[in-house]
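An overview of the molecular structure
Residues per chain, in single letters:
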Amino acid sequence: MYRTALRNVLAHKGRLLMTALAVMLGTAFVAGTMVFSDTFGKAMRDSNSKSYSDVSVQLVDRAAGSGASAKQKSESGSAALTDATLQQLTDLPGTGVARGVVSGFTGVADHKGNLIGQFWAARGANFAPGQDGKDQRYPMAEGQGPKNGKEVALDRRTADKAGYKVGDTVRVAANGPVVEAKLTGVFTTDDPVVSTGGTLTLFDKATAQQLLLEPGRYSSIVLTAKPGTSEDALLAQVQAKVPAGHQFDVETGAKLKADEQEMIAKGTDSMRTMLLVFAFIALFVGIFIIANTFTMLVAQRTKELALLRAIGASRKQVTRSVLVEALLIGTVSAVAGLAAGVGIGAGMQSLIGNLNENMPSGSLVVKPLTVVVTVVVGVVVTVLSALLPALRAARIAPVAAMSSGDQPASQKSLVVRNTIGSLLAAGGLALIGYGASTGDTSGRLPVGLGAFLALIGVFVLLPLLSRPVVALIGPLLRGLGGTPGKLAQQNAVRNPRRTAATAAALTIGLTLVTGLTVIGASVSDVVDRAVTSSMKADYIVSAANGMNLSDQVPAQVAKAPGVAASSPMTAAYWELDGTTKSITGLDAASFDQLVEVKLTSGSAAALGKGQLLVDEDVAKKFNVTAGSTMKVSYPDDSTGQLTVGGVYRTGGMLGPVLIDNSEVAKHEPKPYISDVLVKGKDGATDTLKQSLKDATGANPVIGVKSRQDVRDDFSQTITFALNLMYGLLGMAVLIAILGVINTLAMSVFERKREIGMLRAIGLDRRGIKRMVRLESVVISLFGAGVGLLLGCFIAWAINGTLKSSLSGLTTVLPYGQLALFLALAGVVGLVAAIWPARRASRLDILSSIKTD
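A brief look at the structure comes next.

About the criteria used
Residues numbered from 1 in each chain as written. Predicted model: local features only at pLDDT ≥ 70, side-chain atom pairs only at ≥ 80, totals over all residues. Heavy atoms only, no water. Helix = DSSP H or I, 4+ residues; strand = E, 2+ residues; numbered from the N terminus. Buried < 20%, exposed > 50% of the residue type's maximum accessible area, 1.4 Å probe, protein only. Contact = heavy atoms within 4.5 Å. Areas by Shrake-Rupley, 256 points an atom, 1.4 Å probe, with all protein chains shown as cover. Lys, Arg positive; Asp, Glu negative; His and termini not counted. Charge placed at Lys NZ, Arg CZ, Asp CG, Glu CD. Core = buried A, V, L, I, M, F, W, Y, C linked by side-chain atoms within 4.5 Å. Patch = residues over 30% accessible without salt bridge, like charges linked within 9 Å, V, L, I, M, F, W, Y side chains within 5 Å. Salt bridge = Lys/Arg side-chain N within 4 Å of Asp/Glu carboxyl O. 1 Å grid on protein atoms, 1.4 Å probe; cavity = no way out; pocket = protein on both sides within 12 Å on 5 of 7 lines; lining within 4 Å. Points joined across faces, edges and corners; volume = space filled by probe spheres on them. Polar contact = N/O pair within 3.5 Å; in protein donor to acceptor, adjacent residues only side chain to side chain. Axes fitted to C-alpha atoms, helices over the stretch in contact; angles between N-to-C directions. Left-handed = near helix turned anticlockwise from the far one by under 90°. Nonpolar A, V, L, I, M, F, W, Y, C, P; charged D, E, K, R; others polar.

**Focus on the overall build of the protein chain**
Scanning the protein chain for helices and strands turns up 28 helices and 24 strands. Seen along its three principal axes, the alpha-carbon backbone of the protein chain occupies a region of about 100 × 75 × 45 Å. Expressed as a percentage of the 852 residues in the protein chain, the buried residues total 49%. Within the protein chain, contacts between residues at least 6 apart in sequence are counted, and of these 82% link residues at least 24 apart. In the structure as shown, the protein chain presents an accessible area of about 38,500 Å², 59% of it carried by carbon and sulfur atoms. Each charge class in the protein chain can be summarised by its mean position, and for the 82 positive and 63 negative side chains these summaries are 17 Å apart.

**With respect to the nonpolar core**
Within the largest apolar cluster, 98 residues are counted, with the highest numbers of intra-cluster contacts made by Phe 29, Val 285, Phe 294, Phe 459, Leu 462, Ile 735 and Ile 768. Excluding its chain neighbours within four sequence positions, the residues that come into contact with Phe 29 are Leu 275, Phe 278, Ala 279, Ala 282, Ile 344, Leu 728 and Met 731. Grouped together as the second largest cluster of nonpolar side chains are 35 residues, Leu 154, Ile 221, Leu 223 and Ala 225 included.

**Comments concerning a nonpolar patch on the surface**
A cluster of nonpolar residues, Val 372, Val 376, Val 380, Leu 384, Leu 387, Leu 388 and Leu 391, forms a patch on the protein surface that exposes about 570 Å² of accessible area. Looking at where Leu 387 falls in the secondary structure, it is placed in helix α12 (residues 368-395).

**Details of the side chain of Thr 33**
Topologically, Thr 33 is positioned in helix α2 (residues 17-49). Those residues in contact with Thr 33 that lie beyond four places of it in its chain are Arg 272, Leu 275 and Leu 276.

**Observations concerning empty space enclosed by the protein**
For the structure on display, the rule yields three cavities of 30 Å³ or more. Taken as a whole, the largest cavity spans an internal volume of roughly 60 Å³. Taken together, Ala 174, Asn 175, Gly 176, Ala 543, Asn 548, Leu 549, Ser 550, Val 553, Asn 699, Val 701 and Ile 702 make up the lining of the largest cavity.

**Observations concerning the side chain of Asp 135**
Relative to the assigned elements, Asp 135 resides in the loop between β6 (122-126) and β7 (140-143). At 5.0 Å, Arg 99 is the nearest oppositely charged side chain to Asp 135, a buried residue that forms no salt bridge. In this structure the side chain of Asp 135 is engaged in a polar contact, spanning 2.9 Å, whose partner is the backbone nitrogen of Ala 128. Filtering out sequence-adjacent residues up to four positions away, Asp 135 remains in contact with Asn 126, Phe 127, Ala 128 and Pro 129.

**Observations concerning unusual backbone geometry**
For Asp 577, which is not glycine, the phi dihedral falls at a positive 50°. Note on placement: Asp 577 falls in the loop between β16 (563-576) and β17 (579-586). For Asp 637, which is not a glycine, the phi torsion comes out positive at approximately 70°. Relative to the assigned elements, Asp 637 resides in the loop between β20 (629-633) and β21 (639-648).

**Structural notes on the packing of helix α17 (residues 496-534) against helix α25 (residues 765-802)**
Taken N-terminus to C-terminus, the directions of α17 and α25 make an angle of 35°; their axes are 6 Å apart at the nearest point. Note that α17 runs across α25; the crossing there is right-handed. Split into classes, the residues belonging to the contact of α17 with α25 amount to 15 nonpolar, twelve polar and no charged.

**Some remarks on the environment of Asp 91**
Positionally, Asp 91 belongs in the loop between α4 (83-90) and β3 (95-101). For Asp 91, a relative accessible area of 55% translates into the label exposed. Distance from Asp 91 to Gln 611, taken between C-alpha atoms, is 58 Å for residues 520 residues apart in sequence. Looking at Asp 91, its side chain comes within polar contact range of the side chain of Gln 87, at 3.0 Å.

Note that all results are geometric; they support no functional claim without further evidence.
Shown next, in the form of structure tokens:
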């Protein structure tokens with residue numbers, strides 16, 4: 001039987017080709033993901049480990065980034081890292097070298113005044129020379145390090161990218177005004193900020209403290225132990241000197257390196273998990289192709305299998321022979337997939353390098369686990385997919401098999417199948433509906449479980465659905481294709497299980513693609529409405545890094561030529577009736593010119609009286625209306641009462657509670673300024689935009705965006721995420737296309753006599769091609785249509801669980817894109833039918849009629 005199985009594989013290798021390709025592509029995705037994540041993770045670990053090469057012990061001031069001043073820290077009883085601290089640690093018996101580090105956000109402008117690189121990877125630090133005048137961390141490739149506030153140094157990559165040379169004037173900014181300084185040096189470094197594509201600007205110590213922190217203060221201190229002193233011994237010495245009640249993180253270099261390695265490992269594991277999800281989706285699609293192929297092969301070899309039974313082969317032996325065929329195909333395909341996966345991993349590594357030349361790279365890492373997982377997954381998926389066809393083959397009685405080429409499914413099996421499918425689909429849809437009705441994150445688990453059950457239920461019911469659905473488009477097929485169209489319709493419903501198995505692969509892909517598209521369109525819509533419904537301002541001025549704007553910016557903007565009205569948008573957190581709420585401050589005088597709120601009660605004029613405006617959610621939660629009072633606890637520990645002057649509709653960019661800036665200033669001496677809203681005398685013009693940039697000193701850190709710019713930013717983010725998902729689902733769609741090709745090709749082989757008879761009675765080659773093509777299009781559109789409906793329903797349910805996070809979210813169906821998906825499915829059907837149709841049209845009439 002084993003020799004028979006081997007001969008069967010060799011005899012039907014053409015018909016098994018698409019199955020092998022499907023397994024190979026799925027396992028290649030798995031192997032490529034594991035190779036890429038292992039390679040990328042090792043490169044990141046190797047790159048980041050260099051940054052701790054001179055660190056024995058490090059002290060980090062947790063409060064340095066909180067904005068707390070040295071005076072505030074002194075009053076609170078906590079200490080800061082100062083020159084005195086640095087000297088104390090320098091004098092420790094185990095300290096070889098002690099270095100004070102100042103670090104913070106610093107943006108660098110190019111020659112056009114635009115920020116170089118991304119704001120989240122723009123850092124500044126202090127140049128800390130030793131007695132030889134050199135800083136070992138930042139060796140100068142050209143020039144020298146900065147010595148005063150009018151000098152800076154840049155990393156090599158940033159200087160080259162902007163075209164700066166030593167001696168040029170460079171414009172940099174932290175969270176304050178722009179600083180113009182002379183470029184005195186260009187350095188090289190293995191600092192992770194630079195190695196991952198960021199910018200690094202060096203100042204002298206005093207300037208760095210002034211711009212990034214405050215005079216005399218460090219964000220961290222790095223100690224290098226003397227020879228013979230261990231890191232743990234130096235750590236003990238440091239901990240003895242650290243005052244009680246400190247806000248310092250004190251760690252050894254080894255611990256910092258281990259923590260960094262763990263963080264990188266978690267990051268790469270998350271990336272690997274995401275990619276593997278899509279890889280297993282591709283394999284899940286492949287299951288339908290494998291099962292369909294073996295089902296057709298068993299049906300085509302019914303007499304052969306029956307003869308084996310007649311001469312003494314047991315049911316177990318027949319089952320085993322089919323599974324051995326699957327084992328051979330799975331093994332060969334998985335090994336080929338492993339080889340292809342190594343190539344995919346190398347390609348992904350190269351792609352990342354091309355997208356960001358600063359990303360660390362290294363040699364490919366192919367772990368034994370990758371080899372084992374790839375081969376095992378390929379073999380297991382193939383064998384399990386062939387299990388049901390193998391069991392069916394063993395159940396065929398020898399005499400019955402010899403008298404018929406195809407055994408119809410029993411009425412009992414159809415009833416059982418349809419009952420199970422109906423129960424699964426109904427249960428899944430009920431769970432989805434329940435999850436959507438919750439309106440918050442608690443519904444996500446029921447929606448996810450329901451979507452899985454509904455998808456499985458629909459797959460089970462697809463044979464039942466295929467007949468009525470295909471019958472609906474029968475008149476269209478006859479109108480477009482005439483007799484070939486009628487034959488295509490009949491062929492599509494001749495074997496509903498086969499049609500369903502082929503269509504199911506496309507259903508999975510279209511369900512996911514449609515769901516993602518509808519969710520993306522819905523989120524884009526709510527963001528667009530939030531911007532357009534609440535903002536009258538022509539421009540929004542904000543910090544590129546999302547941090548607090550300098551308190552000088554509102555005054556600078558107000559004085560800019562062409563500005564009709566402006567207002568800083570401040571943010572605070574106050575306790576209202578015992579619950580902390582986000583408060584948005586705006587100038588009452590310019591409120592009506594800059595923003596628009598749809599009031600359900602009260603008046604916007606109440607802001608000028610020092611009263612609150614609250615949205616409907618807050619009004620409902622606290623049971624307040626216009627005229628109600630609320631108890632307030634302020635950050636300065638004072639308390640009071642505020643009157644609710646109006647209630648507005650929830651949604652938009654303004655937040656849940658609005659108040660005049662003058663009220664915020666009473667309790668927040670230096671309020672957090674998130675944005676400045678601007679209304680132009682002549683609307684949004686390029687002249688006004690340039691005027692605002694000039695007024696803020698052409699600061700690279702400060703962005704000036706129109707309402708359309710804000711919408712475009714959100715749209716680009718969503719579009720990028722969708723395109724990434726589409727790309728990852730591409731493998732599953734490709735495997736689905738192979739499934740259509742495989743089914744049609746095997747169907748043509750099955751129907752050789754029928755096709756020969758059609759040719760004999762007058763149907764020409766063109767008619768045969770049209771018949772096969774239309775059959776392929778029908779199957780593709782059937783699978784795509786079911787996927788579109790299911791995807792839209794699941795997206796609606798997921799949107800229901802997001803309503804608590806995105807106020808005003810409604811489900812938006814992008815009809816144009818959905819129609820495009822359906823049209824593309826039709827094109828996929830046409831493309832998939834090219835080879836089978838060509839093969840069918842070239843069959844010899846006489847030899848086909850004589851086929852047994």
